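Descriptive analysis of the structure
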Amino acid sequence: MPSIKVETADQLAGLIDHTLLDPSATVEDIDRLCREAIMYKFYSVCVNPTYAKRCAQNLRGTGVKVTAVVAFPFGATFPLVKATEARLAMEAGADEIDMVMNVSAARSGSWELVEQDIASVAQETRQAGKLLKVIIEAGYLNDEEKVRACQAAERAGANYVKTSTGYGKGGATTHDVKLMRETVGDRLGVKAAGGIRTASDAIALIAAGASRIGSSHGVQIMATFSEAVEKR
């Protein structure tokens, strides 16, 4: 899949999931996140499921979508719990779900469990007509495991694979994004997340194959866009 060319600030903003997953965030913080997303025309806000409804209300009619995380940040719970959390988040207003896969199962070589876990959520998102991104938490995996995780996500019915939660070991790297893109081709999207703080970071990851950027530093990314363009 050809890399996306980012020529304008609006093009970059339209690829960003503006993120706030801090468990201590207040409703005022969430409301500010939504205002920023509207101002900069970000693709979506990414929040914990308990705020999906509030964000959906704040963003109604703006074109900005709501992404909710599931089994965040560890992914270490039952498939039924993940599926139920996803369904409730979508009923509350989430347009997309970012689920954490069972990382322990992947590292243990239990790939059937990994796939079944993802499929349980994919069934819910498919029925609701929503998108599913699977966080493989690449920082804990070797390259072979990253490839197998992406393959499992594709077989299970995911729409995207995503590098990281931002809470685990490491964050998004161009190496991981390239590997993930090579694995899924143009069949799935690739979301880079974790440690992305500037426009230069984001543009490099997009050039490597990312089709979506997740960051809690969306405003800073946009503030550094002109500087990133000058460095080209």
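Up top you'll find the structure we're talking about.
Residues numbered from 1 in each chain as written. Predicted model: local features only at pLDDT ≥ 70, side-chain atom pairs only at ≥ 80, totals over all residues. Heavy atoms only, no water.

1. Thoughts on the packing of helix α4 (residues 79–92) against helix α6 (residues 111–128)
Direction vectors running N to C along α4 and α6 enclose 20°, while the axes themselves pass 8 Å from each other. In terms of orientation, α4 lies roughly parallel with respect to α6. For the pair α4 and α6, the sense of crossing is right-handed. Contacts between α4 and α6 pair P79, K82, A83, A86, R87 and M90 from the former with D117, S120, V121, E124, T125 and A128 from the latter. Residues belonging to the contact of α4 with α6 are distributed by class as follows: six nonpolar, two polar and four charged. (Axes fitted to C-alpha atoms, helices over the stretch in contact; angles between N-to-C directions. Helix = DSSP H or I, 4+ residues; strand = E, 2+ residues; numbered from the N terminus. Parallel < 35°, antiparallel > 145°, perpendicular 65-115°, else oblique. Left-handed = near helix turned anticlockwise from the far one by under 90°. Contact = heavy atoms within 4.5 Å. Nonpolar A, V, L, I, M, F, W, Y, C, P; charged D, E, K, R; others polar.)

2. Focus: a nonpolar patch on the surface
Where nonpolar side chains cluster on the molecular surface, the patch consists of F78, L80 and V81 and spans about 340 Å² of accessible area. Counting through the fold element by element, F78 comes out in the loop between β3 (65–70) and α4. Assessed through its relative accessible area of 61%, F78 is described here as exposed. (Patch = residues over 30% accessible without salt bridge, like charges linked within 9 Å, V, L, I, M, F, W, Y side chains within 5 Å. Areas by Shrake-Rupley, 256 points an atom, 1.4 Å probe, with all protein chains shown as cover. Salt bridge = Lys/Arg side-chain N within 4 Å of Asp/Glu carboxyl O. Buried < 20%, exposed > 50% of the residue type's maximum accessible area, 1.4 Å probe, protein only.)

3. Description of the sheet that holds strand β2 (residues 44–47)
Within the closed barrel, the eight strands sit side by side as β1-β2-β3-β4-β5-β6-β7-β8. Their pairing is parallel. Geometrically, the sheet is characterised by an average inter-axis angle of 25° between neighbouring strands, direction not taken into account. Inspection of the sheet shows β2 paired to β3 by four bridges, in the parallel sense. Residue V47 lies in a different strand from β3, and its bridge partner there is A68. (Pairing = 2+ DSSP bridges.)

4. Notes on the packing of aromatic side chains
Scanning the entire structure with this criterion turns up two aromatic pairs. When the centroid spacing of 5.5 Å and the interplanar angle of 25° are considered together, the rings of Y40 and F42 count as stacked. Both rings, one in F72 and one in Y167, keep their centres 5.4 Å apart while their planes meet at 85°; by these two values the pair is edge-to-face. With F72 in the loop between β3 and α4 and Y167 in the loop between β6 (160–162) and α8 (174–184), this residue pair connects regions lying 95 residues apart in the sequence. (Phe/Tyr/Trp six-rings, centres within 6.5 Å; stacked < 30°, edge-to-face > 60°.)

5. Focus: the pattern of salt bridges
Counted under the stated rule, the structure contains 17 salt bridges. Residue D98 is joined to K191 by a salt bridge in which the shortest nitrogen-to-oxygen separation is 2.7 Å. A residue pair is termed long-range when its members are at least 10 positions apart, and D98 in strand β4 (residues 96–100) and K191 in strand β7 (residues 189–193) qualify at 93 residues. We note that D98, like K191, is buried. Note that R187 is salt-bridged to E154, the shortest N-O span being 2.5 Å. In this pair, R187 is assigned in the loop between α8 and β7 and E154 in helix α7 (residues 143–156), connecting sequence segments 33 residues apart.

Interpretation in functional terms is not warranted from these geometric data alone.
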